[in-house]
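Letter by letter, the chains look like this.
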Protein chains: 2
Amino acid sequence: MSRGNCQGQGWWHGKFRGCGYRLTIGREAILDILSRSEGHLSAEDIYMKVHPKYPNVGLTTIYRTLDVLSSLGMVYKLDFGDGRARYELAEGPKGAHHHHHLVCTDCNKVVDYTDFIDEEVELLRETEKGLGAKYNFKITNHVIQFYGLCDKCSGKK
Amino acid sequence: MSRGNCQGQGWWHGKFRGCGYRLTIGREAILDILSRSEGHLSAEDIYMKVHPKYPNVGLTTIYRTLDVLSSLGMVYKLDFGDGRARYELAEGPKGAHHHHHLVCTDCNKVVDYTDFIDEEVELLRETEKGLGAKYNFKITNHVIQFYGLCDKCSGKK
DNA sequence: TTTAATAATGGTAACCATTTTCATTAAGCC
DNA sequence: GGCTTAATGAAAATGGTTACCATTATTAAA
């Protein structure tokens, strides 16, 4: 297999193998879907997209794979408060832009924003350091999200 | 019973009536529990605490009441990522301290912190204004939360 | 290549917090 | 007290996610 630089079989190949996981058809299909569709897909969304091409990849595998991916830090598991988790690929090899989310509570539209990101990230980093020390927490993650009504939905009613 | 000035029947009486809601035993019991127990209670937690005194207040009513309370802004509905919602009284008449949360992903312990709150709130306000204008969102809410391992849990294993 | 060890899979049933349904009860107003 | 209608509770339904388990695929060893 090629050297470590992510050419030829997807940059994730190495990551999987390095952690003792096997790179299977199903997993590859899921990663493929995630990387080709910019968005926040639910497990079922992914299932729907994978199924036509690979009809024998079950929903269970989708969930299991997303779990693995998220524990490897390759995928972010997002919660927009509508009762189903969404998943998005973490920064790839070339580092997709870090962003936060703005969620419409009516139509569930999600806007990725990067405005203020620098300030937010800086404050988060600072806060993490402070809180971690004060409360003896080993902070691994954070959520910052805004909820409201989008253009269209705030006009209704 | 006394006149309208919030003496003797709880400060929430007026708020309820003013919005066309009826003040019932169940609702009062729930508010009572929420205001007396500092914490983040799940619907079932509340049910458990209400039940001994008012055995005929059902879980359904708990859920429905929490919904009303949260739509009135009297209660915050929180999501710590463990599959069940938590509720806490919003600032009462004397204004409890605004705080954010630090959640242990292992034992689900939650720390309310107020450190950095001022900076956070200021940044949030700014961001809300900026994002609202740019994306035409009417922002009504935000979440800022940290996840990690608490003192005890990071020591295990 | 054959084989053995074990990781991964898919279908189904289970899980469990939350909602819905609907007939009954109780609040608030006269 | 009587009336209108919101509120209620019990049970059933819902729906995303997980557990179970027998089967299959992958890898390393022989």
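Small disclaimer: the values here were computed from a predicted structure and weren't measured. (Residues numbered from 1 in each chain as written. Chains lettered and ligands numbered in written order. Predicted model: local features only at pLDDT ≥ 70, side-chain atom pairs only at ≥ 80, totals over all residues.)

Comments concerning the packing of helix α3 (residues 43–50) of chain A against helix α4 (residues 59–71) of chain A
Residue and element names in this part refer to chain A. Note the cut-off: Axis lines are fitted to C-alpha atoms, over the contacting stretch for helices. Their N-to-C directions set the angle, which ranges from 0 to 180 degrees. Each helix is a run of DSSP H or I of at least 4 residues and each strand a run of E of at least 2, with the numbering of both proceeding from the N terminus. If an angle is under 35 degrees, it is roughly parallel; if it is over 145, roughly antiparallel; if it lies from 65 to 115, roughly perpendicular; otherwise it is oblique. Two helices crossing with the near one rotated counterclockwise from the far one by less than a right angle form a left-handed crossing, whereas a clockwise rotation gives a right-handed crossing. Our contact criterion uses C-beta atoms placed from the backbone: two residues qualify when those atoms are within 7 Å.
Viewed as axis vectors pointing N to C, α3 and α4 meet at an angle of 120°, and their least axial separation amounts to 9 Å. In terms of orientation, α3 and α4 fall into the oblique class. Classified by chirality, the crossing of α4 by α3 is right-handed. Only Leu 59, Ile 62, Tyr 63 and Leu 66 of α4 make contact with α3, whose side of the interface consists of Ala 43, Ile 46 and Tyr 47.

As for the pairing of strand β6 (residues 138–149) of chain B
The line we're drawing: When DSSP finds two or more bridges between a pair of strands, those strands are recorded as paired.
Two strands pair when backbone bridges link them, and strand β6 (residues 138–149) of chain A and β6 of chain B are joined in this way by 11 bridges, in the antiparallel orientation. Following the sheet pairing, Phe 146 of chain A is matched in β6 of chain B by His 142 of chain B. Both strand β4 (residues 100–104) of chain B and β6 of chain B contribute to a ladder of 4 bridges, which runs parallel. The partner of Cys 104 of chain B across the bridge, within β6 of chain B, is Gly 148 of chain B.

Some details on the protein's contact with DNA strand D
Note the threshold: Placing a C-beta atom from the backbone of each residue, we mark the residue near a molecule or strand if the atom is within 6 Å of it. Any residue that is not Ala, Val, Leu, Ile, Met, Phe, Trp, Tyr, Cys, Pro, Asp, Glu, Lys or Arg is counted as polar, Gly included; the first ten are nonpolar and the last four charged.
Taken together, 22 residues surround DNA strand D, and among them Ala 85 of chain A together with Gly 26, Val 57, Gly 58 and Thr 61 of chain B come closest. The set of elements that each furnish at least two residues to the surface near DNA strand D consists of α4 of chain A together with α2 (25–36) and α4 (59–71) of chain B. No other element matches the 4 residues that α4 of chain B contributes to the surface near DNA strand D. Residue classes in the surface near DNA strand D are distributed as 6 nonpolar, 11 polar and 5 charged.

Quick word on the relation of the copies chain A and chain B
This is how it is decided: We superpose the copies by least squares over the C-alpha atoms of residues that have a pLDDT of at least 70 in both of them.
Under the fitted operation, chain A is carried onto chain B by 0.0 Å of movement along the axis and a turn of 179°, and the coordinates agree to an RMSD of 0.1 Å. Between the two chains, the operation in question is that of a two-fold axis. Every residue of chain A has its C-alpha some distance from the rotation axis, and the shortest such distance is that of Ile 144 of chain A, at 2.2 Å. Comparing interface residues between copies, 100% of those in chain A also lie at the interface in chain B; the contact surface is shared.

With respect to helix α5 (residues 117–135) of chain B
What counts here: Helices are assigned an expected span. That span is 1.5 Å times one less than the residue count. Exposure in this text rests on C-beta crowding, where 20 or more other C-beta atoms within 10 Å of a residue's own make it buried, 12 or fewer make it exposed, and counts in between make it partly exposed. The C-beta atoms are placed from the backbone. Directions drawn from the helix axis to the C-beta atoms are what define this arc.
Between its terminal C-alpha atoms α5 of chain B stretches 26 Å, which fits the 27 Å expected from 19 residues at 1.5 Å a residue. Three or more residues of α5 of chain B are buried, namely Glu 120, Leu 124, Thr 127, Glu 128 and Leu 131 of chain B. Taken around the axis of α5 of chain B, the buried residues stretch over an arc of 115°, which confines them to a single face. With respect to the buried face of α5 of chain B, the exposed residues turned more than 90 degrees away are Asp 118, Glu 122, Arg 125, Glu 126, Lys 129 and Ala 133 of chain B. Along its buried surface, α5 of chain B packs onto β4 (100–104), β5 (110–113), α5 (117–135) and β6 of chain A together with β4 and β6 of chain B. After α5 of chain B finishes, the residue Asn 136 of chain B shows a positive phi value of roughly 55°.

Section: the interface of chain A and chain B
At the junction of the two partners, chain A supplies 33 residues and chain B supplies 33 residues. Of all the secondary structure elements, the ones that give two or more residues to the side of chain A that touches chain B are β5, α5, β6 and α6 (151–155) of chain A. Counting residues per element, the side of chain A that touches chain B draws most heavily on β6 of chain A, at 12 residues. Class assignment of the residues belonging to the side of chain A that touches chain B gives a composition of 15 nonpolar, 10 polar and 8 charged.

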